[in-house]
Each structure stands twice: as structure tokens, then as C-alpha cells.
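# Working through the structure, step by step
Given next are the chains, with one letter for each unit.
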Amino acid sequence: MGYKKFKILTSKAVPLQIENVDTDQIIPARFLKATERVGFGDNLFRDWKYNQDNTPKKDFILNNPIYGGEILVGGKNFGSGSSREHAAWAIYDYGFRCVISSFFADIFRNNCLNIGILPVQVSDDFLSIIFKEIENDPKTLLEINLLEQKISIIKSRVSEFFEINPYKKNNMLNGFDDIDYLINIKEQISIFAKNTPL
Amino acid sequence: MSKTLFDKVWDSHVVKHVSNGPDVLFIDRHMIHEVTSPVAFLGLEKRGVSVLCPNKTFATADHNTPTVNQHLPVQDPLSANQLKALEENSIKHKISFWGLGHKKNGIVHVIGPEYGITLPGATIVCGDSHTSTHGAFGAVAFGIGTSEVEMVLSTQCIMQLKPKKMRININGDLGKAVTPKDVALFIISKLTTSGATGYFVEYFGNVFTSMSMEGRMTVCNLSIEMGARGGMIAPDEKTFHYIKNREFTPKNKSWDKAMDYWQTLYTEKDSVFDKEYHFNAVDIEPMITYGTNPGMGIPITEEIPKASFIKGGEITYQKSLDYMGYNEGEGMIGKPVDFVFLGSCTNGRIEDFRAFAEVIKGRKKAPNVTAWLVPGSHKVLNSIKEEGILDILNKSGFKLREPGCSACLAMNDDKVPAGKYAVSTSNRNFEGRQGPGSRTLLASPIVAAAAAITGKVTDPRTLF
Ligand code: SF4
């Protein structure tokens, strides 16, 4: 599909200090009826963001104008549940380019990487430091350096290395996707296909 | 080195290994449905490519479909639009399409096995996380996102890092009213919803070999709820007997050839797993969930754990109990129930309806309960009628709906109202999963039946 290349991102972050955030919360099923990828950002965390009468829930973090930026920080086990890529689309379309957590669900992580969101997995300790720093100062800036695989809290100068598969890293740095790769080896795939038993 | 069942199936499908990267995995069966495919087809159009293997691709409509009056036009314009897109895309790309009203229509993971699309030793993907269901036949099956759907449509391959391997061993005899659903909820309660993230699970032991194919599907279906990429069980005589002579199963010589391959699909002695768990069948009881993720399950007669016993995440735990309207330390027995949902790809097969019927037979539906009984497919629906189960249900005051995912994800009109409690045989009790504000208690068809006739959470063992 093509997405913006990801090199270095310096931004404020929105702290969502909840564990096991599942994809049904990120985007409830009733908003999955589109046949095009449009309008998902508006319904990000819909039922946490709005009351049933569509008035905003004041205490939800995305409704608090103090917080903002292109980074979403979530509690442990972020993105569990359904395989709906709409969850990643909603996050991207809302304006986030990076999600930080101490643990990600598998399919969600893949979906993010496939559409150009960088999932950054940090240690439990580093995650609590991030939450604490943002709590003290909502303007706290984080820097994500993909090339060096390093996440830093700029003011306090603490940083941590994060893992990413080298192939996926290269894709993110260049804005490539898997389909480009696969189409290039189509011949090899066709030969393989002819020899499959099922 | 000794190979596991998973190794054998995975490795034989690797077209190419990207150095320092994922495997290019060839996909034998790709199932698609109306919700996660339209954007993938748009992607194909943008790239100007077509579907590489239409004969390995199967489309059904299930997520979004009404479960009453399916012969009438779909009311919701957005749903109707998605269904139309699936039909048009399938026709355009010459993909087998079993849409709404088709006699083979049903939930994607129910119809795959019913028609022999699901086979041992195959790689199977679908844009739905419960694709793990097909692992019951010894397939490597897992859910994918829409970009990956596009990938498989255009190249019949997917790029995946090979997951780590986990084995879950359970031996012994299951107690009264303990079903495969309880076995799965028990495992998830022990491992938590992230306990198997990064792993592919093999279920091993006499508990799984003695299960019917339907039961194995229920167990494998729920693998994703502990974070696993998928779960599988080695094929055996029961598996071969189940698939023989189904529409898409190989016939005659091809069958013999396939059998030669399938007989090799087992984990060799001395194989090493990255992680192993051992549980005892006698420790498993009828289960029910009390919170907002499938890992929050307890034996039905026990009390809701105290927050202080929960490792970390106390804020999240409290938020979850508040949502459910429960307090720590309370028992689940006797809690009021407003809705009962029997259905989904977890427990919407004929065996589940038989089990439900056995409990409610000769009894009456509780007046305070609204029951949605939704077969997983037309084939299941027909069996319900043929086996006389429909009569039993009707006599007890229950009605049967038409097949689809229904209240499992509540994309259609089958939504549990805010604040109401539903005992559901589906797979997720997330906040709002069954409708905004709905509260879900996951359980087996037997526990659901007990709730349906008593109007509250009831230990089914007290009923027979
Ligand atoms: S029944 Fe539920 S889990 Fe199964 S395919 Fe349908 S929506 Fe997915």
C-alpha cells in the first residue's frame, strides 16, 4: 500500500496505562463495515472515548488536550484478540506512527509493521519510567531512532535498545512492503506451487 | 534432529528463507469473508495484479450477516455493501463463493472442515484470528491481517517468522460435565491471555486423542486466546474418518497418496519444545469467566479471585470487575443471567447443540432469559432438524436462528444491550464484544444450557 518511511521520530506521547488492551477496544466491531480504508481514525477507542449518547468521556486520555503526539504508550500485552487490521489502521489514521508497550500480541504486531506503524517493545521497567515521566510532564519528548534501534527520553537522557527483525527494519526504513518482495520471487513461488501435494 | 508435527508441516511449506528474516510460507488454503477482504481486493487493483490461485481460495459470508429472515434483502446498507463487495470480488477473480442463503454457507471455520477444505498437513490462513480452529486436523492454521490477505491473494504466500514451539500435555479422565471448552478455558486461565504469545502450540495427551473432532476444534479454536499463533493436534484415525469422502477431500489414488503423507504427521520421540506444560485432567471442572478477557476464568463453583492475588495490573483488574459489576471474593453461582448465546466457531457445531439439548430436554426456558441459538452453518442447521433436536428446543420454549457469527462479535443486529449479562459459548468476553456495554460470561454449551433454564449461573452437575 505504501507508507511513509520511518527513520527517527521525536514526539510527545499519549500514555494509556491499561494492560491487555484488545483490538475490540481499539476499534469495536460495529465500525468494521467499510469496504475502503477511510474514517477509522475517528472511531479509535470509540467506546472509551465517548458515552453512549456520543458525548466525550472527560476522563479518557485521548480527550485530554494536555496529551498528544505521534506516539501511543500502552500497558502490557497490547493488541490482543481479533486479527482485524482495522485496529492498526485506526491508530495510524488517528496520527500515531509508533506504539510502545512491554509486550505485544503477535498478529497486531505484524499488522502494525505491515502498514507502517513501528511497535517498540521495551522492558517493564522502562515502560514504567516512561509512564512516570509523562505523568510528571506531559510535554516529555521521546525519540525513536529506528536505525540504531534506540528509544530515549530526551530530557532525562535515559534510553533503551529495542529489538526488531532486520528484514522488517529494512522495510520500515524504506517504506517497502512484503508484497513487493513476494512479487519479485513469483517464479520461484509458481514452481513451488506446482509441486505441492494438496 | 527429531521433528515435531509443527516442524514437519511448516518446513515443508517454506518456499524460501529470507536471511535474517521471515520464511516465505506457501499457503494451501485461503478462506476469506466479507469484513477483512474488501480492502485487500482494492490493494490488488491498485497494484494491477490478480488472484494467483483462485482454486485454493474460498469465500463465505458470515461476520456481518443477519440470523433471521436471511431470504430478505439485508437491511443495514453498510453490511449489504460489504456482502456485495465479497460477491463481486469472488466472481471477478473466479473464487468459490458461498454467500448468504447458499446451502453451504456458514461460519468460515465451521464450513472448512465440513466440506473437506481443511486437511491434515495443510497451511491454512484467513483474516480471522480463530483460524487456529483448523489445527484440530493437524494443519498449520492461523489468522492474518488484511495486508496479509492481500499478500496471499496475490502471491499465495505469506512472510512469517517461524514461531517457537510449545506443547501442552493433559492426561487422565475428564469429570462429569467437563467439556473441551472447559479444558481450553482452564488452560487459558493458567497461561493467561499472553502466555503463549510467540508460540505455536501442540496439544498432546489422551484427553485430546479421546475428544471428538468437534471437541478438538473447540480447543484449537481457543489457542489464540492465550496469544498463540495457532494450536494443533496430530491427525489420527478419527481425523481421517472425519474427512473421508467430503466434497474437497482427495479421492481414490490421490487419497491414498495423501494418506501416505498424513501418516507421517506426528511429533517424533525426543523432539524438543521451547516450552512444555503438563496438566491433569482431574483438576479441570466446568469453567466460567468473570472478567473481560478469556484468561479470567474459574471453576464455576469458585469465587472471583481477590485483586491482591493477581500478579501486577491491579488497576486493570479492578477496571474489569467494575465493568462486569462484580466484586472480588464473590461466588459466581446464582448470578443473574439475561441472555444465553449458543453459537460461534467455538461452539456452534452439531455436537454443541446435542449437548445443549440434552440438558434442556423436558425443561422450560427461564422467562427472564433471551436465548439466541445460532448454528455455525446450514449443515449444522440441517442436522439439528434431522436429529430431532429442533423439536426438543421448541418444546422447551427455544427458537433457532439462521447461521452466522451473530453475537460472537455483534456486527449484525444480535447485540446484547448495555449492562446485561450473557452466558456465551463464544470466545471473547472483551468489553463491548457482544454489543456496547454488554457483559459476557464465557462457558460451555452445557453451562449455557443450565443458565438458560434456571435464569442464573448454575452448576450443570446439579441438574443431572
Ligand atoms: S464466530 Fe466469532 S470468532 Fe468465529 S469467525 Fe465468526 S466472528 Fe470470528
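Residues numbered from 1 in each chain as written. Chains lettered and ligands numbered in written order. Predicted model: local features only at pLDDT ≥ 70, side-chain atom pairs only at ≥ 80, totals over all residues. Heavy atoms only, no water.

Moving on: the overall build of chain B. When helices and strands are tallied, chain B shows 16 helices and 18 strands. Compactness check: chain B gives a C-alpha radius of gyration of 21 Å against a globular reference of 23 Å for 464 residues, within 12% of the reference. Going through the 464 residues of chain B one by one, you find that 66% of them count as buried. In chain B, the share of contacts with a sequence separation of at least 24, taken over all contacts with a separation of at least 6, comes to 75%. Considering chain B, the positive charge centre built from 51 side chains and the negative charge centre built from 48 side chains are found 3 Å apart. (Helix = DSSP H or I, 4+ residues; strand = E, 2+ residues; numbered from the N terminus. Rg over C-alpha atoms; globule rule 2.2 N^0.38 Å. Buried < 20%, exposed > 50% of the residue type's maximum accessible area, 1.4 Å probe, protein only. Contact = heavy atoms within 4.5 Å. Lys, Arg positive; Asp, Glu negative; His and termini not counted. Charge placed at Lys NZ, Arg CZ, Asp CG, Glu CD.)

Turning next to the overall build of chain A. Each helix and strand in chain A was counted, giving eight helices and eight strands. Radius of gyration (C-alpha) of chain A: 18 Å, near the 16 Å computed for a compact globule of 198 residues. Each of the three principal axes of chain A carries a C-alpha extent, and together these read 60 × 45 × 25 Å. For chain A, buried positions account for 58% of its 198 residues. Put simply, chain A shows about 8500 Å² of open surface, and 49% of that area lies on carbon and sulfur atoms. For chain A, the distance from the average position of its 24 positive side-chain charges to the average position of its 25 negative side-chain charges is 3 Å. (Areas by Shrake-Rupley, 256 points an atom, 1.4 Å probe, with all protein chains shown as cover.)

Before going further, it helps to examine helix H13 (residues 350-360) of chain B. Restricting attention to buried positions, one finds in H13(B) the residues Ile350(B), Asp352(B), Phe353(B), Phe356(B), Ala357(B), Val359(B) and Ile360(B). Positive backbone phi, at 75°, marks Gly362(B), one or two positions downstream of H13(B).

Next up on the list: the site of the ligand. Taken together, the residues surrounding the ligand are His63(B), Ile107(B), His109(B), Asp128(B), His130(B), Ser344(B), Cys345(B), Cys405(B), Cys408(B), Leu409(B), Asn427(B) and Arg433(B). When residues of the shell around the ligand are assigned to domains, at least three fall in each of domain 1 (1-285) and domain 2 (287-462) of chain B. (Near = heavy atom within 4 Å. Domains from an automatic or database assignment.)

Below, the discussion takes up the packing of aromatic side chains. Tallied over the full model, the rule gives 26 aromatic pairs over all chains. Between the aromatic rings of Tyr94(A) and Phe96(A), the centroid separation amounts to 5.4 Å while the plane-to-plane angle is 20°, which identifies the pairing as stacked. The class for Phe96(A) is buried, based on a relative accessible area of 0%. Members of the aromatic cluster, each reached through a chain of ring pairs, are Phe6(B), Trp10(B), Phe142(B) and Phe200(B). Here the basic side chain of Lys8(B) rests over the ring of Tyr266(B), its NZ or CZ set 4.0 Å away from the ring centre. (Phe/Tyr/Trp six-rings, centres within 6.5 Å; stacked < 30°, edge-to-face > 60°. Lys NZ or Arg CZ within 6 Å of the ring centre and 35° of its normal.)

This next bit is on the pattern of salt bridges. If the charged atoms of two oppositely charged side chains come close together, the side chains can form a pair. Residue and element names in this part refer to chain B. Tallying each qualifying case throughout the model produces 26 salt bridges over all chains. For the salt bridge of Arg47 with Glu150, the shortest nitrogen-to-oxygen distance reads 2.8 Å. You can see Arg47 sitting in helix H2 (residues 38-47) and its partner Glu150 sitting in helix H5 (residues 146-155), a full 103 residues away along the chain. A salt bridge links Arg167 to Glu276; its shortest N-O distance comes to 3.0 Å. Of this pair, Arg167 sits in strand S9 (residues 164-171) while Glu276 sits in strand S12 (residues 275-280); the two residues are 109 residues apart in sequence, bridging distant segments of the chain. On the accessibility criterion, Arg167 (14% relative accessible area) is buried. Through salt bridges with shared partners, a single ionic network connects Lys3, Asp7, Asp11, Lys162 and Lys165. (Salt bridge = Lys/Arg side-chain N within 4 Å of Asp/Glu carboxyl O.)

Now for the sheet that holds strand S15 (residues 339-342) of chain B. Residue and element names in this part refer to chain B. Read from one edge of the open sheet, four strands run S16-S15-S17-S18, paired in parallel fashion. Each end of this open sheet is capped by a strand with a single partner; those strands are strand S16 (370-373) and strand S18 (439-442). The sheet shows a mean angle of 20° between the axes of neighbouring strands, taken without regard to direction. Pairing analysis gives four bridges linking strand S17 (residues 421-424) to S18, with the strands arranged parallel. Residue pairing in the sheet places Ser424 in a bridge with Leu442 of S18. Running over the sheet, H13 touches S15 and S16 and is turned about 140° from S15. On top of the sheet, helix H16 (residues 445-454) reaches S15 and S17; it is set at about 150° to S15, its chief contact. (Pairing = 2+ DSSP bridges. Axes fitted to C-alpha atoms, helices over the stretch in contact; angles between N-to-C directions.)

With that out of the way, let us pick up the domain arrangement of chain B. Frequently, the measure chosen for interface size is the accessible area removed from exposure when the parts meet. All names here are of chain B. Partitioning chain B into domains gives domain 1 (1-285) and domain 2 (287-462). For domain 1 and domain 2, the distance between their C-alpha centroids amounts to 24 Å. With 45 residues of domain 1 at the interface, the matching set in domain 2 holds 43 residues. Buried area between domain 1 and domain 2, summed over both chains or domains, comes out near 3700 Å², and the portion from carbon and sulfur atoms is 56%. Summed over the shared surface of domain 1 and domain 2, the result is two salt bridges. Between Glu285 and Arg461 there is a salt bridge whose closest N-O contact spans 3.2 Å. Applying the counting criterion to the domain 1 and domain 2 interface returns 25 residue pairs in polar contact (both at pLDDT 80 or more). Mapped by element, the contributors of at least two residues to the side of domain 1 that touches domain 2 are helix H4 (108-114), helix H6 (180-191) and helix H8 (213-221). Looking at the side of domain 1 that touches domain 2 element by element, the count peaks at six residues for H6. The residue makeup of the side of domain 1 that touches domain 2, split by class, is 14 nonpolar, 21 polar and ten charged. (Buried area = accessible area lost by both parts, 1.4 Å probe. Polar contact = N/O pair within 3.5 Å; in protein donor to acceptor, adjacent residues only side chain to side chain. Nonpolar A, V, L, I, M, F, W, Y, C, P; charged D, E, K, R; others polar.)

Turning our attention to the interface of chain B and chain A. With 74 residues of chain B at the interface, the matching set in chain A holds 53 residues. Between chain B and chain A, a total of about 5300 Å² is buried, with carbon and sulfur atoms accounting for 62% of that surface. In terms of surface lost to chain A, no three residues of chain B exceed Val39(B), Arg47(B) and Met159(B), which account for 11% of the buried area on that side. Our count for the contact surface shared by chain B and chain A stands at four salt bridges. Of the charged contacts, one joins Asp76(B) and Lys33(A) as a salt bridge, the two residues approaching to 2.5 Å between their closest N and O atoms. Counting every contact that joins chain B to chain A gives 23 residue pairs in polar contact (both at pLDDT 80 or more). Of all elements in the fold, only strand S1 (14-17), strand S2 (23-26), H2, helix H3 (77-92), H5, strand S8 (157-160) and helix H11 (314-324) of chain B reach the threshold of two or more residues within the side of chain B that touches chain A. Ranked by the residues each element gives to the side of chain B that touches chain A, the list is headed by H5(B), at seven residues.

Let us now look at the nonpolar core. Of all hydrophobic cores here, the largest spans 208 residues; its most connected members are Phe45(A), Phe78(A), Ile100(A), Ile144(A) and Phe356(B). It is H16(B) that contributes the most residues to this core, eight residues altogether. Shared between two domains, this core takes at least three residues from each, and those domains are domain 1 (1-285) and domain 2 (287-462) of chain B. In this structure, Phe45(A) is in contact with Leu16(A), Val21(A), Gln25(A), Ile26(A), Phe60(A), Leu62(A), Leu72(A) and Phe78(A), ignoring residues within four places of it in sequence. Core analysis: the second largest hydrophobic core is formed by eight residues, Trp372(B), Cys408(B), Val416(B) and Ala422(B) among them. (Core = buried A, V, L, I, M, F, W, Y, C linked by side-chain atoms within 4.5 Å.)

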